[in-house]
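# Examination of the molecular architecture
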Amino acid sequence: MPMPQYGNQHPVPETPMESYGRRRRLIRAGVRSIFIIMLILLVLILATWLIFRPTKPYFTLQGGVVSTLKTFETTSVLTAAMQVTVSARNPNKFAGVYYEQLSAYVTYRDTEITPRTRLPAAYEGGYETKVWSPALGGDRVPVGRDMARYLNEDQTAGKVPVKIKVDGRLKWKMGVWVTGKHGMQADCPAFMTFDRSNNSSPVIKFTPELQSCMVDA
């Protein structure tokens, strides 16, 4: 009759197949955990976006003054110098907005009549307003003969319809989460009006056509 063995029992070593199976189970468990965590984060981000989905900013043309406006029909060029004031308001309480790569310019009959002027980047918190006052214009900007003639005719009539445009990219910030960049364009219809009460030279001002600009973002 065999006698029972007492003392330390040595563990049975794993076979290569058992070791491989255990590693596979650990890897599967880790991948499942990472997938579940990422899914939860995506659901939280989507829920936050749906609950606090930001409204695009409101742009307003506050006004402007034109110091120089000369059109040369024979050479089809325009020389202009002007300054406008444009404001942007963030209407959201829980979302901030980053403005990047902004540029402002003036168009007439869908033709750019000033070179683009870069605006400084900015960040707006909830319910905040940012104001820019860029100097726009250029010397001998090509506009085409027909465009030069139309511009002279409107200038003689005392009212030139133009658009102040602001192009750029924006990002939304909600808590610690910042979205990717989105293209943005603000169109601010206005009239250049001519006050000829001063006989020496007319005063040219921008009169906004709408209360707020049209924003595509």
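Since the structure is predicted, the reported quantities are computational estimates derived from the model, not experimental observations.

## A short note on the state of the cysteines
Counted by the stated rule, this structure contains 1 disulfide. At a sulfur-sulfur separation of 2.0 Å, the disulfide partner of Cys188 is Cys213. Sign of the S-S torsion, about 105 degrees for the bond between Cys188 and Cys213, identifies this disulfide as right-handed. Taken together, the residues span a long stretch of sequence, with Cys188 in strand 11 (residues 182-195) and Cys213 in the loop between strand 12 (203-208) and strand 13 (214-216) at a distance of 25 residues. Of the two residues examined, Cys188 and Cys213, each falls in the buried class.

## Some thoughts on the pairing of strand 11
Bridge analysis of strand 9 (residues 159-174) against strand 11 gives 12 bridges, and the strand direction is antiparallel. Along strand 11, the bridge assignment pairs Arg169 with Gly183. Two strands pair when backbone bridges link them, and strand 11 and strand 13 are joined in this way by 3 bridges, in the antiparallel orientation. What sits directly across from Asp187, in strand 13, is Met214.

## Some remarks on the nonpolar core
Counting residues in each nonpolar core, the largest one holds 42 residues, and the members touching the most others are Phe59, Tyr99, Val166, Met192 and Phe206. Among the secondary structure elements, those contributing two or more residues to this core are strand 1 (58-72), strand 2 (77-89), strand 3 (96-108), helix 2 (145-157), strand 9 and strand 11. Looking at this core element by element, the count peaks at 7 residues for strand 9. Not counting chain neighbours up to four residues away, the residues in contact with Phe206 comprise Gly63, Gly64, Val65, Val66, Met82, Val84, Val162, Ile164, Ala190, Phe191 and Met192.

## Here's the deal with the pattern of salt bridges
All told, the structure shown has 7 salt bridges when counted by the stated rule. A salt bridge links Lys181 to Glu100, with the nearest nitrogen and oxygen atoms 3.1 Å apart. Of the two residues, Lys181 sits in the loop between strand 10 (177-178) and strand 11 while Glu100 sits in strand 3, which places them 81 residues apart along the sequence.

## Focus on unusual backbone geometry
A positive phi is found at Gln101, a non-glycine position, where the angle reads about 55 degrees. Relative to the helices and strands, Gln101 resides in strand 3. Unlike most non-glycine residues, Tyr127 shows phi in positive territory, near 65 degrees. Examined against the element boundaries, Tyr127 turns out to sit in the loop between strand 6 (122-124) and strand 7 (129-132). For Tyr127, a relative accessible area of 48% gives the class partly exposed.

Quick notes on the rules
Residues numbered from 1 in each chain as written. Predicted model: local features only at pLDDT ≥ 70, side-chain atom pairs only at ≥ 80, totals over all residues. Heavy atoms only, no water. Disulfide = S-S within 2.5 Å. Helix = DSSP H or I, 4+ residues; strand = E, 2+ residues; numbered from the N terminus. Buried < 20%, exposed > 50% of the residue type's maximum accessible area, 1.4 Å probe, protein only. Pairing = 2+ DSSP bridges. Core = buried A, V, L, I, M, F, W, Y, C linked by side-chain atoms within 4.5 Å. Contact = heavy atoms within 4.5 Å. Salt bridge = Lys/Arg side-chain N within 4 Å of Asp/Glu carboxyl O.

By themselves, these figures tell us nothing about what the structure is for.
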